[in-house]
Amino acid sequence: EADIYQTPRYLVIGTGKKITLECSQTMGHDKMYWYQQDPGMELHLIHYSYGVNSTEKGDLSSESTVSRIRTEHFPLTLESARPSHTSQYLCASWDRNTGELFFGEGSRLTVL
Amino acid sequence: DQQVKQNSPSLSVQEGRISILNCDYTNSMFDYFLWYKKYPAEGPTFLISISSIKDKNEDGRFTVFLNKSAKHLSLHIVPSQPGDSAVYFCAASVRFGNEKLTFGTGTRLTIIP
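Counting starts from 1 at the beginning of each chain's written sequence and moves along it residue by residue. Written order decides the labels, with chains lettered from A and ligands numbered from 1. Local features in a predicted model are, by the rule used here, given only for residues with pLDDT of at least 70; side-chain atom pairs are given and counted only at 80 or more, and totals for whole chains, interfaces and linings are based on all residues. No hydrogens and no water enter the side-chain calculation; it runs on all heavy atoms of the structure.

What follows deals with the nonpolar core. Residue and element names in this part refer to chain B. Counting 23 residues, the largest nonpolar core has Phe33, Trp35, Leu73, Leu75 and Tyr88 as the members making the most contacts within it. Elements with a contribution of two residues or more to this core: strand S3 (19-25), strand S4 (32-38), strand S5 (45-51), strand S7 (62-67), strand S8 (72-77), strand S9 (86-93) and strand S11 (107-112). Every helix listed is a DSSP run of H or I at least four residues long, and every strand listed is a run of E at least two residues long, numbered separately from the N terminus. With four residues, S9 is the largest single contributor of residues to this core. By the convention used here, residues are in contact when the closest approach between their heavy atoms is within 4.5 Å. When sequence neighbours within four positions are dropped, the list of residues in contact with Leu75 reads Ser19, Ile20, Leu21, Trp35, Leu47, Ile48, Phe62, Thr63 and Tyr88. Remark: nonpolar core denotes a set of buried residues (Ala, Val, Leu, Ile, Met, Phe, Trp, Tyr, Cys) joined through side-chain atoms within 4.5 Å. When a residue's accessible area, from a 1.4 Å probe over protein chains only, is under 20% of the maximum for its type it is buried; when over 50% it is exposed; and in between it is partly exposed.

Another aspect to go through is the interface of chain A and chain B. Facing the 24 residues of chain A at the interface are 20 residues of chain B. Carbon and sulfur atoms supply 58% of the area buried between chain A and chain B, which totals about 1,700 Å² over both sides. Ranking the residues of chain A by area buried against chain B places Glu42, Leu43 and Trp94 of chain A at the top, with a combined share of 26%. We define a salt bridge as a side-chain nitrogen of Lys or Arg found within 4 Å of a carboxyl oxygen belonging to Asp or Glu. Taken together, the links from chain A to chain B amount to zero salt bridges. Polar contacts, as used here, are pairs of N or O atoms within 3.5 Å; protein pairs need one atom able to donate a hydrogen and one able to accept it. Residues neighboring in sequence count only if both atoms are side-chain atoms. For the interface between chain A and chain B, the tally reads four residue pairs in polar contact (both at pLDDT 80 or more). For the side of chain A that touches chain B, the elements supplying multiple residues, two or more each, are strand S4 (32-37), strand S5 (44-51), strand S9 (87-95) and strand S10 (100-103) of chain A. Classifying every residue of the side of chain A that touches chain B by side-chain character gives twelve nonpolar, seven polar and five charged. Put simply, buried area is the surface a 1.4 Å probe can reach on two separate parts but cannot reach once they are joined, added for both. Under the scheme applied here, ten amino acids are nonpolar (Ala, Val, Leu, Ile, Met, Phe, Trp, Tyr, Cys and Pro), four are charged (Asp, Glu, Lys and Arg), and all others, including Gly, are polar.

On to the sheet that holds strand S7 (residues 65-66) of chain A, then. Residue and element names in this part refer to chain A. Between any two strands, at least two bridges found by DSSP are needed for them to pair. Here four strands make up an open sheet; going across it, the order is S1-S3-S8-S7 and the pairing antiparallel. Each end of this open sheet is capped by a strand with a single partner; those strands are strand S1 (4-7) and S7. Bridge count for S7 against strand S8 (residues 76-78) is two bridges, and the pairing is antiparallel. Counted as the bridge partner of Val66 is Leu76 from S8.

All names here are of chain B. Most of S4 is tucked away: seven of the seven residues are buried. Across the two faces of S4 the burial is the same, with Tyr32, Leu34, Tyr36 and Lys38 and Phe33, Trp35 and Lys37 all buried. Pairing between S4 and S5: six bridges, direction antiparallel. Note that in S5 the partner of Lys37 across the bridge is Thr45.

Residues and elements named next belong to chain A. Within the fold, Thr77 resides in strand S8. A distance of 3.2 Å separates a polar atom in the side chain of Thr77 from a polar atom in the side chain of Thr20. Once residues within four sequence positions are removed from consideration, Thr77 is found in contact with Lys18, Ile19, Thr20, Ser64 and Thr65.

And the structure:
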């Protein structure tokens, strides 16, 4: 079973608020990712990190930012949320030994 | 341009029968393919994978078939069980060990008791 955790699971906020979605993994994986998924759509990579102090933009442009100060922690921040940010955000980490991507349970964000 | 396509958004199958989920890809550089299963309000979980050097990989009730010339893969579940009801995502990467996966849009499988 994967040890990767996301909080909050659900968040409903008003436009203009700053939010941080937390993601932590206890597997010691170097590589971590944020995906965004809308219903009926594919998962889109928005951010990734290959280790501490490494962050990169993914294939889908996003107004969110990420940081990687510790190996186990990869939070995603939206400085000023808008209704267009309403989506599910999935955090994942990579096991280089098995080639498997482990996902957290997701954070479903609704911006009113 | 969608490089991994799952053209059936949904599929209903009777319990005990075979479920066949299909996936097509356009990027000939893909050589490692995975299937993920996702329940509502949960993250995707890895199900089974296949490398391009094989044309079949089996794990219990799940078998993945790869047809490289047709750029097509399929997931067979037999016998189908109610717990198999979920959304199934096909994913691909250019090589094993490359964690940059390209996902399809998913197929919602419903198993009818």
